[in-house]
Structure formats: structure tokens, C-alpha cells
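Notes for the structure review
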Amino acid sequence: MDQDPMRDERVRDGRDGTPDEGDSRARQVLDRIMRGASERERAIFSQRTFGDEPILRTGADLRRERKAAASAASETTSAAVHVHATHASRATHADAADARPVPLPGAPGREERAALRRAARAELPPRPRPTHDDALRQRSWLDELDAPLDADEPSSGWPYDGWTWPHPDAAPSRPRQGTRKTAARAGRNLPQTLRELRRLETESQPDGTRLTGISLFVAQARLAAGYEDDSAPSPFGVRYRYNVSYRDLSNDELRGYFAWRTTWRAHREDRIPYTYGHILAAELVNGVGVDPGMPCLKELIRLRDRAAELDSDGMASGLAFDARHWIRDYAVLHNLPAEFATSADERAFAQAVATLRTAERAVLCEAGARDLTPQDMPAHVPSDADVWKAMATLSSYNVERSPFLRNNPQSAAAVGAAVFRALARHCGKRRKTNLVDGLVGWESNVGWFPFPDLPCTLPKELPSPTYRIDACTRVTTLAGRWFICRGYEHAGKSRDLGRILRAMDRQMREDWDDPRALKPRPLAKYLEKIIVQASAEERQRELEAESRKIVIDLSKLGGIRAAAATTREALLVDEEIEDEPAAPAPAAPVPTAQPSHAGEKGVAPSAATSPLAGGTISADAPAAQGGPDDAAGGDMSCGLNGLELEVIARVSEGRGFSDLLGPGRPMASVLVDSINEKLFDELGDTAIEYVDGEPRLVPDYVEDVRDICGL
């Protein structure tokens, strides 16, 4: 609403200071409100815009505004005195709002509002202060409200009316005095042991102090260490509590816990309430009901396994997760074996992180990044196979499900290690965060506080100054405080590493011409370049290695030995043969081999007689001793000569043939290999094998060999 400017001018000059008689009361109130507003506020109120306001206000502007406000205040004061003297008769009928102190017209809006608030507070009646009786009545009904709903006896002064909330004015007929839950926790219907347990919460000790906190729980636990309760468990269960003790349980819940603990010790439990599991774990770590050390740790492991078993049915919400931390802390405090502190999967994950950190440090030392030099090189640098195994452990991509990577482990390890080193070098020179830190988080060293959710007494110092939980986690003592050093922040599989390994798998299948190709997925260009280069270099290296490969066929070794023996016989001169001693005469007559044809080229007539007929070996017939003339016989079976037939006959009868060997003849092993090679085409297998150092015919081929050789 806009104000009449002519009327304002008359008020400032002191003329016509009284409103017309016909003006309404509302008009008078509005005029009084608008009279105290400044020119800037009237402009804002009427136009609803800040277009006329300057962007910046200087000190000179503020000084001019103060001078204008002071001059306007002096004019308004004189006008107000004149109005008061003229209309004194109407002052008694003015409204309470007219009696409020009116702000000066030139005063800022904030000061005006503050003056109005002070005037409004002055008109309010004084606030009554609560008396001592009111305070007692207020505490009494709060004590009644704080009492548990499962109290043993109903409260006589309970200020409830049906299901409505109590009112502070509705004081109970018999006010309660004392501490919280005094009447409800009297325990008149509890067994003697539990009544004594409750009495420890209120009774004072001989030194005048009262047990509280951990000392109270330990005293209560030791008091009821052997107590057993055969009462039926409550069908309604127990309320969910965290960091709980006996004091937090009602009488029914307390007795229900000891009934459940009785079934637990008898291995007859069918459920583990979260609250009961916490109290049981607190008893175990304090050495109540079990011997400290390994027996207690086994009970905690049993609690974890049973809770995990019930978690599968949705009955033990989160207790197994807490039990894992209790087991770790207990193993550290009692210096127990580290394999009990963590699971096998956690140890494998930590070992993989440690392997990649060592490999990354070696790469950074070689590249001279992160202020590292070759002198900082770790003592043991992981191999390609170790790096690949660690990458597979941390990756969300399961490499065991890839048939190509599973069938080519060496190639995969070489390419994976090359990709890791390239990425570690890239991150070390161009990124603020190292590769492994980006995958699993940074290393940390924070304070260690065991059993934060269990009331238990802790030792003053650790049994060992350093306890290594796994390859990346250890607990140390420094200046009387305990610290836990972690090698990673995230224990889950890395999706970034999974995308890298999948891209590597796809590229290697393409380079190795594998028919089972993978579809490409979006990947950063620098990552794709690194993977393509590493895969191509490994493929080229393998192709070059295959071109230089020498393949040795061991099945032809017997023929090579026979040819070498024949060459040796042909190179012997007559003088060397004469110098060699003659072979001993055979113990029994030996059948002679069939004579070779006289018409054979290069065969002397004197060599027609086999040397096996008895007598000494003639120096004039070296070729007849197992030589080519015997093998040239057309009626020999499978190309066997007379010496080989005689050896087969001796071997089939289980007799030795060392007397048939001598100077100018092949060794026993060469002779046996030659026989096996000639019979291989007929049998498809070895005919003679060595058993305890002696040649024997294979039992399956005895009859076949005799038929072939005519024995």
C-alpha cells in the first residue's frame, strides 16, 4: 500500500498532525507503521525491486545516510511533542500497540525490527518458574516411564490411561524414589546365583566403591561361570543390542541367556541371538568358562562357523562378521598362529597385494620414478608367473574360466607381466597415484584398539612387539601404543583390473588365431595400446623360438645306435682286431645261422659259415660277426640276423647272452634296441624290456615273438 506524500509532508512540517475523524482505525495503524520506514525500504516495499540500489556502497554513502537520519529524527521529535500536547485526551483510549516505542524514521529496518521485538517482549507476562514440588513430580513420572515393560510386578503409580502417553501433571499416587529400574530389577523370582549377580550392580565394595563397566561384567561373569539354567527359552526372542552386558538385560532376558548358554555348551543350540552371541564372546575373551589360549580361540571359531551356518538361513544377522574380528584380535593378544587369525582367502588376497607392490617397486626403481633409484631395488623381484597369479587373484575377471588363458599359461603370464610393468611405469611417471594404490587403496598405519564392542580386560603390552597377521597386515607397538599397518583399503576384487585382463584375453585370442573370439568393450586408448603391443611382442617371440626349435625323436634312437655300431665295425683295421682277445667258447652248442648266398656282392665264400657254430673268431671274416651278410639273408624273420635270433632265443628261455658278445660285436643295449626296432612294425610296441637290469620279453608278446622268429 502506497502512502500519501502530501500527508507525509504536512506531518513533517507540524501542520495538520491529527488524522481526520472519518479515518478508520486500520488507516491510523498503517500510517503509524509507514511513518517509521526509510525511503529505501518504502521503495523496496512498493516496487519490489532493487534496481535503484547501487552495486557497491562506500563509507561516504553510509555517512550521508547517518546525517540524513539524524536530521529527520530531530524533525520527527518536534512533531511528536506537538501531537502529544494537542491530543492528550485520546491517549487513554489508544491501543497497546500505540504505546510501543516508535523507531526513528531514518533508522535501518533491522534496528526497527529489533525495537519492535523488544517492545513485544516487554508486554508479555513473566514466565512462571517451576517450584521444587513440580520438579519432584516431573522426575517421578519420568522414572515410571523409564521402567521396563517386562517388570516383575506392575507399578502401582503408573500414570498411563489406557494406551495414551502420560502427562507431566498426572503425578503417580506413590512417587518412586531411587535409581533407574530399582523395583523391576529386584529379582525376587530369580535363582540364587542370578540374585547375587544382580546384587553386584547395586552393592558397594569393601573400599566403598561400586563396580561399574568392565570390572562389573567380569565379576558377574566369574560369579555365574558354572551356572546352568534348564528353563524354557522365551518364544519372543531377545531385543537386538550392541556392546551389551548383563546389566542391560531384563530379568527374563538374563535367565533366557543362561538357558541358551546351557544348550550352547551341550552343542544343542538351534539359534544364536545376536545379543546372546555378544555376551558369550565377552565371557570367552575374559577366560570365563574356557581356558585362555587355543581352547578359547577354538570356541570363538566355533561361534563364527555356527553363526555363518545360521546366516545362510537368515537367523544370525551379522554375528559371523563380528566374530572374525574377535578371532583376529584374540590371536594377536595371545600370540597364536596367524593361520587362525584370518581365512585362506584373506591370506591369498594379502599375498597377491604384497607381490604386486614388490613388482611395482622394482619397476619404479628401474624407471627412476617416485625418487627411487636402482639402489632401492627389492632383494627378491617376483617372476612373471608370480605377477600373473597375483593379478588373477585381485581381478574380478576369472581367468580360470577362459579356455585360452587356461591352455596357454606361459604366454598369458608373459603378456600379463608386461602389461603390469607398462602400467606401473605409466602411473609412476604421469599419475599422482601408483597403480596398486589405485586398484586396492593406499597403505595405512592407524591405532589398534582390540575388542571395541566387548567388555574385556586387555593386557598392558603385547606378547610380541610385532605380530604379522598376513603378508600385508601387522600389529606393532610404538611408545606404549598399538598400531595396525594395512597394505590395502579395499578387500574386494578390482573391476578396473578385470577390464584390463579381459581386454588382454581378447587381444591374445586374436593374435594367436583362436576361433573363440571375445567381443570388444570400451577401453582407454593408452591401455589398448599397451595391451596390443605386449601381445604382439610375445607372439613374435614365440614364433621365432619355434623356428629355431630342434625336435629329437627318441623312438629312432635305437636305429642311430645300430648304425653307429656298424660304422665302428667298418672302421676297425685288422691290427686292432688281432690285438683284441678272442671271445670265450660257448658253454653249449649253438645253432648256426643260415649261410648267406655266395652270389652276394662283396661277400667272401669263407664268410658263409656263422661264427655261432663254435670255435674261435677268425680275423679274416670280420663282416660275418653280426655284420651285413647276416642281415642280407632273404629268409630271416623281420630282417633279424643270426645273432639277434640267438639273443631272442636266449631271452625267451630266461638265459643270459653275454657269452655271445665280444670284440667286434655291438653292446647288449644296442643289440636289444635293434631287435625292438625291427619287431616294432609287427608288434607296434617294445618286445624286450629291462626288469631289474636284465632283459626280458614283454609277457603279452612272448607267443607273438616266438611265432615271428620260428622258435
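Before going into details, it helps to say that this report is about the structure given with it. (Residues numbered from 1 in each chain as written. Predicted model: local features only at pLDDT ≥ 70, side-chain atom pairs only at ≥ 80, totals over all residues. Heavy atoms only, no water.)

This next bit is on the overall build of the protein. Counting secondary structure elements, the protein contains 25 helices and six strands. Put simply, of all contacts in the protein between residues at least 6 apart along the chain, 66% involve residues at least 24 apart. Approximately 43,300 Å² of the protein is accessible, and the part contributed by carbon and sulfur atoms is 53%. (Helix = DSSP H or I, 4+ residues; strand = E, 2+ residues; numbered from the N terminus. Contact = heavy atoms within 4.5 Å. Areas by Shrake-Rupley, 256 points an atom, 1.4 Å probe, with all protein chains shown as cover.)

So, about the pairing of strand 6 (residues 694–697). In strand 6, alternate side chains face the same way, and those of Pro 695 and Leu 697 are buried while those of Glu 694 and Arg 696 on the opposite face are not. Across four bridges, strand 5 (residues 688–691) lies against strand 6 in antiparallel orientation. Opposite Ile 688, over in strand 6, you have Leu 697 as the bridge partner. Between the antiparallel neighbours strand 5 and strand 6 lie two residues, among them Asp 692 with a positive phi of about 60°. (Buried < 20%, exposed > 50% of the residue type's maximum accessible area, 1.4 Å probe, protein only. Pairing = 2+ DSSP bridges.)

Within this structure, the stated rule accounts for 13 aromatic pairs. Between Tyr 257 and Phe 258 the ring centres are 5.2 Å apart and the planes differ by 70°, which places this aromatic pair in the edge-to-face class. Phe 258 carries the same exposure label as Tyr 257, and that label is buried. Residues Phe 349 and Tyr 488 carry aromatic rings whose centres are separated by 5.2 Å and whose planes lie at 75° to one another, so their mutual orientation is edge-to-face. Pair noted here: Phe 349 is in helix 13 (residues 344–367) and Tyr 488 is in the loop between strand 4 (481–486) and helix 18 (495–511), with a separation of 139 residues, a long-range link. Residue class for Phe 349 comes out buried when judged on its relative accessible area of 6%. We classify Tyr 488 as buried; its relative accessible area is 15%. The rings of Phe 217, Tyr 227, Tyr 246, Tyr 257, Phe 258, Trp 260, Trp 264 and Tyr 276 are connected pair by pair, giving a single aromatic cluster. (Phe/Tyr/Trp six-rings, centres within 6.5 Å; stacked < 30°, edge-to-face > 60°.)

So, about a positive patch on the surface. A cluster of basic residues, Arg 110, Arg 113, Arg 117, Arg 118 and Arg 121, forms a positive patch on the protein surface. Mapped onto the elements of the fold, Arg 113 is located in helix 5 (residues 109–123). (Patch = residues over 30% accessible without salt bridge, like charges linked within 9 Å, V, L, I, M, F, W, Y side chains within 5 Å. Salt bridge = Lys/Arg side-chain N within 4 Å of Asp/Glu carboxyl O. Lys, Arg positive; Asp, Glu negative; His and termini not counted. Charge placed at Lys NZ, Arg CZ, Asp CG, Glu CD.)

All of the buried residues along helix 7 (residues 192–199) are Leu 194, Leu 197 and Arg 198. Summarising the axial view, the buried residues of helix 7 lie within an arc of 95°, below the 170-degree limit, and thus occupy one face. (Arc of directions from axis to C-beta.)

What follows concerns the pattern of salt bridges. Inspection of every chain in the model, using the stated rule, returns 23 salt bridges. A salt bridge links Asp 305 to Arg 304; its shortest N-O distance comes to 3.1 Å. A salt bridge links Asp 505 to Arg 509, with the nearest nitrogen and oxygen atoms 3.1 Å apart. Of the two residues, Asp 505 and Arg 509 both sit in helix 18, four residues apart, roughly one turn of that helix. Each member of the pair, Asp 505 as well as Arg 509, is classed as buried. Three or more residues are tied together by salt bridges with common partners; here these are Glu 269, Glu 299, Arg 302, Arg 306 and Glu 309.

Once that is clear, we can look at the packing of helix 16 (residues 409–430) against helix 19 (residues 525–547). At a minimum axis distance of 9 Å, the contact between helix 16 and helix 19 shows a crossing angle of 140°. Looking at the two axes, helix 16 sits oblique to helix 19. Classified by chirality, the crossing of helix 19 by helix 16 is right-handed. Across the interface between the two elements, Ser 411, Ala 414, Val 415, Ala 418, Val 419, Ala 422, Leu 423 and His 426 from helix 16 touch Tyr 526, Leu 527, Ile 530, Ile 531, Ala 534, Ser 535, Glu 538 and Glu 542 from helix 19. Per-class residue counts for the contact of helix 16 with helix 19 are eleven nonpolar, three polar and two charged. (Axes fitted to C-alpha atoms, helices over the stretch in contact; angles between N-to-C directions. Parallel < 35°, antiparallel > 145°, perpendicular 65-115°, else oblique. Left-handed = near helix turned anticlockwise from the far one by under 90°. Nonpolar A, V, L, I, M, F, W, Y, C, P; charged D, E, K, R; others polar.)

Let's shift gears to helix 13. Taking 1.5 Å of rise per residue, the 24 residues of helix 13 would be expected to cover 34 Å, and the 35 Å separating its terminal C-alpha atoms lies within 8% of that figure. A positive phi of about 70° marks Gly 368, the residue just after helix 13. (Expected span 1.5 Å × (residues − 1).)

This brings us to a nonpolar patch on the surface. A cluster of nonpolar side chains, contributed by Val 29, Leu 30 and Ile 33, occupies part of the molecular surface with about 230 Å² of accessible area. Within the element layout of this structure, Val 29 appears in helix 2 (residues 25–35). Judged by relative accessible area, which is 37%, Val 29 ranks as partly exposed.

What follows deals with the nonpolar core. As a rule of thumb, nonpolar side chains are buried together in soluble globular proteins. Tyr 246, Tyr 257 and Phe 258 are the most contacted members of the largest nonpolar core, which has 54 residues in total. Contributing elements (two or more residues each) for this core: helix 7, helix 8 (213–223), helix 9 (251–265), helix 10 (274–285), helix 11 (294–311), helix 12 (319–333) and strand 4. A total of nine residues in this core trace back to one element, the largest contributor, which is helix 12. In contact with Tyr 257, other than residues within four places in its own chain, are Tyr 246, Leu 249, Tyr 276, Ile 279, Leu 280 and Glu 283. Of all hydrophobic cores here, the second largest spans 43 residues; its members include Met 391, Leu 394, Val 436 and Leu 501. (Core = buried A, V, L, I, M, F, W, Y, C linked by side-chain atoms within 4.5 Å.)

All right, on to the sheet that holds strand 1 (residues 444–447) then. A sheet is described by the order of its strands in space; here four strands give the open sequence 1-4-3-2, paired in antiparallel fashion. A single partner strand is all that each edge strand has here, and the edge strands are strand 1 and strand 2 (466–468). For this sheet, the mean inter-axis angle between neighbouring strands, taken without regard to orientation, is 25°. Where strand 2 lies against strand 3 (residues 474–478), three bridges are found, and the strand directions are antiparallel. Bridge pairing links Thr 466 to Thr 476 in strand 3.

Its identity is not glycine, yet Asn 243 carries a phi of approximately 55°, on the positive side. Residue Asn 243 is classed as partly exposed on the basis of its relative accessible area of 42%. The phi torsion at Asp 513 lies on the positive side, around 55°, for a residue other than glycine. The residue Asp 513 is located in the loop between helix 18 and helix 19 in this model.

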